[in-house]
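Structural description and commentary
Here is how the chains run, residue by residue.
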Amino acid sequence: MMVGKRLSGRYKIISPIGGGGMANVFLARDMILDRDVAVKILRIDLADESNLIRRFQREAQSATSLVHPNIVSIYDIGEENDLHYIVMEYVEGTDLKQYIQENHPIPFDKAVAIMSQIVSAISAAHQHHIIHRDVKPQNILIDHEGIVKITDFGIAMALSETSITQTNSLLGSVHYLSPEQARGGMATQKSDIYSMGIVFYELLIGTVPHDGESAVSIAIKHLQAEIPSVRAQNPNIPQSLENIIIRATAKDPFQRYQSADEMEADLKTCLNPERLNEPKYELNGDDGDTKTIPVINSKNTLRNLDETMVPETSVVEEATKEEKKMDPKKKKGKKKKVIWIVSIVILLFAALIIGLWFLGKSPDEIKVPDVTGKTESQALSTLQKEGFNIGKTIETNSDTVAEGKVIKSNPKAGEMKEKGSKVNLYISVGSKTIKMDDYTGRSYDETTALLKEQGFKSIKKEESYSSTISEGMIISQDPSAGDEVVAKDTVVTLTVSKGTEPITVKDLSGYNERALEDYSSSTGLVINKTEENSDTVEKGQVIRQSPSAGTEVQPGSTVNVVISSGPKEKEVKSVKKTFNIPYQKPDDSSQTTTNHIKIYIQDKNHSMTSPYREMDISKDTTETITFEIEEGTEGGYKIMRDNTVIDEGTVAYPG
């Protein structure tokens, strides 16, 4: 029981993650660096295989040289009490096999993004002279962010150096095995490319292209049967994606991509609009025919330490050994089937040899001339002079080759073909034209994204106000809807609504109510009025406003104004004051015996210009007067007796 055990006192085993025919993998905690790691431990029952241990360690050390964001990092290699282990980066997520099962169908752009990461990782390994040999979804991890990590670089190949037969593990990988590996030949970089083509097929379709009851039947399909067309199963898959699978899974390694870098470059542009409907890729020769190809035996081959070798027995041979354990009736039926297939192949091969012997020599072969860029008539003339017959003339769109000129030929220029062979020509009819849709009233952002997908390179944006088209929507377009245009050569001008044109608020100071009503009618603004006393602004006129003058607002907005209700009325208080008016006797008895009294007061209602009261007195008199005094002012008085002022003063506003 490994759970709870500490390796080298540092890696505490937490739980099992998975396992295979050679090793078991556990989640562990690095107690020093305080991080989760994955620990792959060689199975105890294989610990006595010294050759296996040596290869296990050597390949793990080789993998440490692979530093790439899409390759699982190797942190440590160790041994403790006959336990041989490798400490690796822990990827929290799932393997690609499970991801495909849970997420199929996967969007094309997502599938290409995943595949690009896989190819980038394999390319990095090939640059270090390391061949994976077992590229399959089970060896590809994908985390929750969509980052791909490839694992098991070169570890499985240690198995071939031992005396152990791992038929079950071979059965698990035979779906992705290249024809040369199935024949027992040497694995090369082209073998990894073939396996990646099968992985891409599974990403797009959800299943492997070849399946069967046994490893033999699957291996024979890889050797003889064509890879089924992905477009036949899903017509929505672009031709450019199918072309990648066709090139990667060619049975002849020389017809595959020359390197993982070349495949990666193809993936980068495969979703470009101009490539989506490109012509189907044609392999040279009849790649799908049944062929007898000798096994490349690696037994006596000089082995470079950087090379990854395959088992010296083929999958067919391994699976045949497995069949020996089967029920005799089933074994007899399968044996008859294999004998029939082998017999037919031998007879066909013999017939070919005999036919060539009767002819006495191989047919003359000549090189197909390069006619790309020539007119159709020039190309026909050149091909006939060189000894070829003219096949089909196929018209197709091209953004790079002028109309009427040859895009390519099939067979391709430079290929060796028999004299008199037919050559098909692909003639350019110019760039593909697109009928402009009506984009008025549609979102500018969504429309530009759509136009870019269609191949338009130049999109101009102009803006204008509109009372009928919402902000961000298209008012008009050039070219017009229905026009036929070449996307890459056309400048599309989209006039986009900025919404309703704003109104600049006027200075309404001094406007009366009638003027405000006229302004509201002409602009569509709502005038909200309140009143306030003002000592400086005439009653009925605007004192202030909000928003202020010069502010831009939308029609229908509210403008608040404050209108003067005139000066604030001052408070008036009554003040009573009593005056004692003395009587003055005349000096001359002949004079009048009364005094004529005039009282003047100054208050809210009276002024000193005229007497407040007049009276004649013949004795001392007391008079009480009520003053009406306004807030902030004072009253005044003056008392005259016979035209002589006898008393005057002021009356304060009561505080």
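Up top is the structure these notes are about.
The structure presented is a predicted model; accordingly, all values stated were derived computationally and were not measured. (Residues numbered from 1 in each chain as written. Predicted model: local features only at pLDDT ≥ 70, side-chain atom pairs only at ≥ 80, totals over all residues. Heavy atoms only, no water.)

1. Focus on the overall build of the protein chain
Heads up, the condition is: The helix count covers DSSP runs of H or I at least four residues long, the strand count covers runs of E at least two residues long, and both are numbered beginning at the N terminus. Throughout this description, buried means an accessible area under 20% of the type-specific maximum (1.4 Å probe, protein chains only), exposed means over 50%, and partly exposed covers the range between. The criterion used for residue contact is that any of the two residues' heavy atoms lie within 4.5 Å. Each accessible area is a Shrake-Rupley estimate made with a 1.4 Å probe; only the visible protein chains count as cover when residues are assessed.
What the protein chain contains, in helices and strands, is 15 helices and 30 strands. When burial is assessed residue by residue, the protein chain has 40% of its 655 residues classed as buried. The long-range fraction of contacts in the protein chain, counting pairs at least 24 apart against all pairs at least 6 apart in sequence, stands at 66%. With the model as given, the accessible surface of the protein chain reaches about 35,600 Å², and the carbon-plus-sulfur share is 48%.

2. Quick word on the pattern of salt bridges
For the record, the criterion: Salt bridges are counted wherever a side-chain nitrogen of Lys or Arg sits within 4 Å of a carboxyl oxygen of Asp or Glu.
Inspection of the entire model under this criterion finds 17 salt bridges. Measuring nitrogen to oxygen at the nearest pair gives 2.8 Å for the salt bridge that ties Arg10 to Asp30. Of this pair, Arg10 sits in the loop between strand S1 (6-7) and strand S2 (11-19) while Asp30 sits in strand S3 (residues 23-30), and the two are 20 residues apart along the sequence. Taking relative accessible area as the criterion, Arg10 reaches 22% and is therefore assigned partly exposed.

3. Details of the sheet that holds strand S12 (residues 406-410)
Applicable threshold: Pairing between strands is defined by DSSP: at least two bridges between the two strands are required. Each axis is a line fitted through C-alpha atoms, and for a helix only the stretch in contact is used; angles between axes span 0 to 180 degrees, taken between their N-to-C directions.
The three strands are arranged S11-S14-S12 in an open sheet whose pairing can be described as mixed. Across the chains shown, the open sheet's two edge strands, defined by having one partner strand only, are strand S11 (389-396) and S12. Averaged over neighbouring strand pairs, the angle between their axes works out to 25° when direction is ignored. In this structure, S11 lies alongside strand S14 (residues 422-428), joined through six bridges in parallel fashion. Bridged to Thr396 within S14 is Ser428. Strand contacts of helix H13 (residues 376-386): S11, S12 and S14, with the helix running at about 165° to S14, the strand carrying the most contacts.

4. Here's the deal with the environment of Thr372
Tracing the chain through its elements places Thr372 in the loop between strand S10 (365-367) and H13. Between the C-alpha atom of Thr372 and that of Ile427, which follows or precedes it by 55 residues, the distance is 9.2 Å. Residues contacting Thr372, with those up to four places away along its chain left out, are Val406, Ile407 and Lys408.

5. Points about the packing of helix H3 (residues 108-127) against helix H10 (residues 260-269)
Basically, it comes down to this: Any angle from 65 to 115 degrees is called roughly perpendicular, while one under 35 is roughly parallel, one over 145 is roughly antiparallel, and all others are oblique. Each helix crossing is assigned a hand: it is left-handed if the near helix lies turned anticlockwise from the far helix by less than a right angle, otherwise right-handed if that turn is clockwise.
Viewed as axis vectors pointing N to C, H3 and H10 meet at an angle of 160°, and their least axial separation amounts to 8 Å. Here H10 runs roughly antiparallel to H3, going by the angle between their axes. For H3 against H10, the interelement crossing comes out left-handed. Across from Val112, Met115, Ser116, Val119, Ser120, Ser123, His126 and Gln127 in H3, the residues of H10 making contact are Ala260, Asp261, Met263, Glu264 and Leu267.

6. Let's talk about the side chain of Ser443
Keep this limit in mind: Under this definition, polar contacts are N or O atom pairs within 3.5 Å; protein pairs additionally need one hydrogen-donor-capable and one acceptor-capable atom, and for neighbouring residues in sequence, both atoms have to be side-chain atoms.
Among the secondary structure elements, Ser443 is positioned in the loop between strand S15 (433-435) and helix H14 (444-453). Here Asp445 takes part through its backbone nitrogen, which lies 3.4 Å from a polar atom of the side chain of Ser443. A polar atom in the side chain of Ser443 sits 3.4 Å from the backbone nitrogen of Glu446. Among residues more than four places away in sequence, those in contact with Ser443 are Gly472, Met473 and Ile474.

7. Concerning the sheet that holds strand S8 (residues 140-143)
On the basis of which strands lie adjacent, the open sheet formed by three strands has the order S7-S8-S9 and antiparallel pairing. Each edge of the sheet is formed by a strand with only one pairing partner; in this case those strands are strand S7 (93-95) and strand S9 (148-150). Between one strand and the next, the sheet's axes are offset by a mean angle of 25°, whatever the strand orientation. In terms of strand pairing, S7 meets S8 through three bridges, oriented antiparallel. Bridged to Gly93 within S8 is Asp143. Packed onto the sheet, helix H2 (residues 96-103) meets S7 and S8 and runs at close to 95° relative to S7. On top of the sheet, H3 reaches S8 and S9; it is set at about 35° to S9, its chief contact.

8. Considering unusual backbone geometry
In terms of backbone geometry, most residues other than glycine have negative phi values and most peptide bonds are trans. The amide bond that connects His104 to the next residue, Pro105, takes the cis arrangement and shows omega of 0°. With respect to the helices, strands and loops of the structure, Pro105 is situated in the loop between H2 and H3. Cis geometry is found at the peptide bond from Asn410 to Pro411, where omega equals 5°. Mapped onto the elements of the fold, Pro411 is located in the loop between S12 and strand S13 (416-418).

9. Observations regarding H10
Just so we agree on the cut-off: By arc we mean the arc of the directions from the helix axis to the C-beta atoms, nothing more.
Buried within H10 are the following residues: Ala260, Met263, Glu264, Asp266 and Leu267. The buried residues of H10 occupy an angular sector of 160° when projected down its axis, which confines them to one face. The inward-facing, buried residues of H10 abut H3, helix H6 (189-205) and helix H9 (239-248).

10. As for the side chain of Thr621
With respect to the helices and strands, the residue Thr621 is situated in strand S28 (residues 621-630). A relative accessible area of 19% means that Thr621 is categorised as buried. In this view, Thr621 contacts Phe579, Asn580 and Ile581; residues no more than four positions away in its chain are not counted.

11. Some thoughts on the packing of aromatic side chains
Counted only if it meets this: When the centres of two rings from Phe, Tyr and Trp lie within 6.5 Å, Trp using its six-membered ring, the rings pair. Their planes under 30 degrees apart give stacked, over 60 give edge-to-face, and anything left gives tilted.
Following the criterion strictly, the structure yields two aromatic pairs and no others. Each ring, one from Tyr11 and one from Tyr85, has its centre 6.3 Å from the other, and the planes form 70°; the classification is edge-to-face. Taken together, the positions of Tyr11 in strand S2 and Tyr85 in strand S6 (residues 83-89) put the pair 74 residues apart, joining distant regions of the chain. Looking at Tyr11, the relative accessible area reads 2%, which means it is buried.

12. Some points on the nonpolar core
Counted only if it meets this: Residues belong to one nonpolar core when they are buried, are Ala, Val, Leu, Ile, Met, Phe, Trp, Tyr or Cys, and are joined through side-chain atoms within 4.5 Å.
Among the nonpolar cores identified, the biggest contains 46 residues, and Leu96, Met115, Ile118, Met196, Phe200, Leu203 and Met263 are the most heavily contacted of them. When residues of this core are traced back to their parent elements, those giving at least two are H2, H3, S8, S9, H6, H9 and H10. Among residues more than four places away in sequence, those in contact with Leu96 are Ile114, Ile118, Pro137, Ile140, Val199 and Leu203. Counting 16 residues, the second-largest nonpolar core is a separate cluster that includes Val575, Phe579, Tyr583 and Ile599.

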